[in-house]
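Residues per chain are reported as follows:
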Amino acid sequence: MDEEMKKLFESMKDLEVKMGQVEGITFPESTCEIWDQIHNFQAREDDILIATYPKAGTTWVQEIVDLMLLEGDVEKSMRAPCFVKVPFIEFNLKPMKSGVDLANAMESPRLLKTHLPIQLLPPSFLDKNVKVVYVARNAKDCMVSYFYFQRMNKALPDPGTWDEYFSKFLAGDVSWGGWFDHVIGWWKAKDKHQILYMFYEDLIKDPIHEYRKLLKFLGKDLTDEVVEKIHHHTSFQAMKENPMTNYSVVPAAILDQSISPFMRKGKVGDWKNHFLVAQNIVFDEEYKKRMEGSGLSFRTQL
Ligand code: A3P
């Protein structure tokens with residue numbers, strides 16, 4: 001980590017969590033404060049955007065795509081922590097550089113990240129017909145992963161008990177808004193724009209097949225050997241041990257990995273260890289209502 005970042009991190013103790021809203025969606029107040037800059041962000045035609053609901057496998061796909069663009073050059077992929085090399089557009093946590101500033105200062109081709117629901121995406125991305133890789137993950141595992149993330153992320157509200165969080169998540173009363181609207185909104189847009197809609201569960205089940213799909217979408221062709229190398233370097237274990245992807249460079253005052261590691265489990269079906277029988281019934285009823293007619297389906301176990 002460079003000296004500048006070290007100093008910045010040292011100055012960030014006792015974070016004050018304040019939330020705000022943009023068009024009814026909850027975000028950290030610092031994001032709301034620069035909303036004009038975010039909305040007016042200028043995408044470039046050769047950008048690639050990774051869009052996800054939080055905890056859907058963003059970091060994983062960022063690393064896969066970066067390595068694909070680098071044709072498997074692992075050393076280059078470790079040039080900077082994942083949150084520096086892939087600017088997070090709506091991120092703004094002072095005194096760090098905002099995602100907008102980081103992206104503006106970056107040379108093309110840029111790999112960018114967002115958790116924004118499609119209706120809040122800066123219009124320039126779709127106007128410029130930017131390639132978007134959307135990654136969706138089943139709601140139950142997302143909920144569990146987000147619960148642990150909110151516990152360890154000192155810039156987000158404390159999630160409360162699991163029972164309290166269950167109700168909040170189901171009601172969409174969490175940062176970046178509700179899971180249902182997010183996955184359905186992007187799903188509806190996928191055939192009108194250059195959007196590759198992927199599923200976390202498919203990536204776990206048949207990674208090489210999904211990596212090939214991604215390569216085709218990116219317009220790249222790599223040998224089986226290079227794809228295997230990328231697969232190896234982006235395995236859960238490799239990314240958990242890699243300081244550039246496991247967020248260990250971020251101090252505990254911001255991400256407290258003694259509460260829960262960023263690379264937590266990386267599995268499909270961990271929800272079964274958390275959902276009570278009664279919660280599962282409530283969830284399945286709501287899910288049926290909300291997803292009906294969407295044409296979108298998820299696997300919650302493999
Ligand atoms: P869990 O909390 O269920 O373990 P995001 O990057 O969108 O914040 O998503 C984080 C989730 O993706 C975490 O889920 C994390 O463990 C999982 N993840 C990260 N890298 C992964 C990998 N290489 N393989 C499988 N899962 C991964």
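Keep in mind the model is a prediction, meaning the values are calculated, not measured.

Asks: Outline the overall build of the chain, listing residues and values.
Replies: Of regular secondary structure, the chain possesses 16 helices and six strands. Taking 19 Å as the expected radius of gyration for a compact globule of 302 residues, we find that the chain reaches 18 Å, a close match to that expectation. Taken over the C-alpha atoms alone, the chain extends approximately 50 × 45 × 40 Å along its principal axes. The buried share among the 302 residues of the chain stands at 55%. For the chain, restricting intrachain contacts to residue pairs at least 6 apart in sequence, the fraction spanning at least 24 positions comes to 73%. Surface summary for the chain: the accessible area is close to 14100 Å², and the carbon and sulfur share equals 51%.

Asks: Pulling in residues and values, what's your account of the site of the ligand?
Replies: Around the ligand there are 19 residues in total, and Thr58, Thr59, Ser145, Lys265 and Gly266 lie nearest to it. Between the ligand and Thr59, the relevant distance is 2.5 Å, taken from an oxygen atom to a side-chain nitrogen or oxygen of the residue. When the free accessible area of the ligand is taken as 570 Å², the share hidden by the protein chains comes to 97%. Put simply, the parts of the chain that give the shell around the ligand at least two residues each are helix H4 (58–69), helix H12 (200–205) and helix H15 (236–241). Of the residues belonging to the shell around the ligand, the class tally is eight nonpolar, seven polar and four charged.

Asks: Could you give an account of helix H13 (residues 207–218), with specific residues and numbers?
Replies: Owing to its 3.6 residues per turn, the α-helix aligns residues three or four sequence positions apart on the same side. With twelve residues, H13 should reach 16 Å at 1.5 Å per residue; the first-to-last C-alpha distance of 16 Å fits that figure. For H13, the complete set of buried residues consists of Pro207, Glu210, Tyr211, Leu214, Leu215, Phe217 and Leu218. In a view along the axis of H13, the buried residues occupy a sector of 160°, so they form one face of it. As for H13, its buried residues are in contact with strand E3 (48–52), H4, strand E5 (131–136), strand E6 (195–199), H12 and helix H14 (224–233). Just beyond H13, the residue with positive phi is Gly219, at close to 75°.

Asks: Let's hear about the packing of aromatic side chains: which residues, and what values?
Replies: Following the criterion strictly, the structure yields 32 aromatic pairs and no others. A cation over a ring is seen here: Lys113 above Phe88, with NZ or CZ 4.1 Å from the ring centre. Lying across the ring of Trp187, Lys190 places its NZ or CZ 4.1 Å from the centre.

Asks: An account of the side chain of Glu63 is needed here, citing residue identities and associated values.
Replies: By the element assignment, Glu63 lies in helix H4. We classify Glu63 as buried; its relative accessible area is 1%. The contacts of Glu63, once residues within four sequence positions are left out, are Ser77, Lys85, His233, Thr234, Met239, Asn242 and Thr245.

Asks: Explain the nonpolar core residue by residue, including any values.
Replies: What tends to happen in soluble globular proteins is that the nonpolar side chains get buried as a cluster. In terms of nonpolar packing, the biggest core is built from 100 residues, with Trp179, Val183 and Tyr197 touching the most fellow members. The element best represented in this core is helix H9 (residues 139–152), accounting for nine residues. Each residue touching Val183, except ones within four places of it in the same chain, is listed here: Tyr134, Ala136, Tyr197, Met291, Leu296 and Phe298.

Asks: Requested: an account of the sheet that holds E5, with residues and values cited.
Replies: Pairing is parallel across the open sheet formed by four strands, whose spatial order is E4-E3-E5-E6. The open sheet is flanked by strand E4 (111–114) and E6, the only strands paired with a single partner. Strand-to-strand, the axes of this sheet are offset by a mean angle of 20°, without reference to chain direction. As judged from the four bridges shared by E3 and E4, these two strands associate in the parallel manner. Across the sheet, residue Ala51 finds its bridge partner in E4, namely Thr114. Relative to E3, H4 is tilted by about 165°, and along the sheet it contacts E3, E4 and E5. Relative to the sheet, helix H11 (residues 179–189) contacts E3, E5 and E6, its axis offset from that of E6 by approximately 140°.

Asks: Please set out the packing of H9 against helix H16 (residues 277–291) residue by residue, giving values where relevant.
Replies: Interhelical geometry of H9 versus H16 gives an angle of 125° and a closest axis separation of 12 Å. Accordingly, the angle class assigned to the pair H9 and H16 is oblique. Here H9 contributes Ala139, Lys140 and Met143 to the contact with H16, which in turn contributes Asn280, Phe283 and Asp284.

Asks: Any details on the environment of Val144? Residues and values, ideally.
Replies: Here Val144 shows up in helix H9. Take Val144: its relative accessible area is 0%, and that puts it in the buried class. Once residues lying within four places of it in the same chain are set aside, the contact partners of Val144 are Trp162, Arg264, Asp270, Trp271, His274 and Phe275.

Asks: Please give an account of unusual backbone geometry that cites residues and values.
Replies: Of the consecutive residues Lys94 and Pro95, the connecting peptide bond is found in the cis state with omega at 5°. Of note, the phi angle at Glu23 is positive, near 45°, even though the residue is not glycine. Looking at the element boundaries, Glu23 is found in the loop between strand E1 (19–22) and strand E2 (25–28). Residue Glu23 is classed as exposed on the basis of its relative accessible area, which comes to 65%.

Each value, and the rule that gives it
Residues numbered from 1 in each chain as written. Predicted model: local features only at pLDDT ≥ 70, side-chain atom pairs only at ≥ 80, totals over all residues. Heavy atoms only, no water. Helix = DSSP H or I, 4+ residues; strand = E, 2+ residues; numbered from the N terminus. Rg over C-alpha atoms; globule rule 2.2 N^0.38 Å. Buried < 20%, exposed > 50% of the residue type's maximum accessible area, 1.4 Å probe, protein only. Contact = heavy atoms within 4.5 Å. Areas by Shrake-Rupley, 256 points an atom, 1.4 Å probe, with all protein chains shown as cover. Near = heavy atom within 4 Å. Polar contact = N/O pair within 3.5 Å; in protein donor to acceptor, adjacent residues only side chain to side chain. Nonpolar A, V, L, I, M, F, W, Y, C, P; charged D, E, K, R; others polar. Expected span 1.5 Å × (residues − 1). Arc of directions from axis to C-beta. Phe/Tyr/Trp six-rings, centres within 6.5 Å; stacked < 30°, edge-to-face > 60°. Lys NZ or Arg CZ within 6 Å of the ring centre and 35° of its normal. Core = buried A, V, L, I, M, F, W, Y, C linked by side-chain atoms within 4.5 Å. Pairing = 2+ DSSP bridges. Axes fitted to C-alpha atoms, helices over the stretch in contact; angles between N-to-C directions. Parallel < 35°, antiparallel > 145°, perpendicular 65-115°, else oblique.

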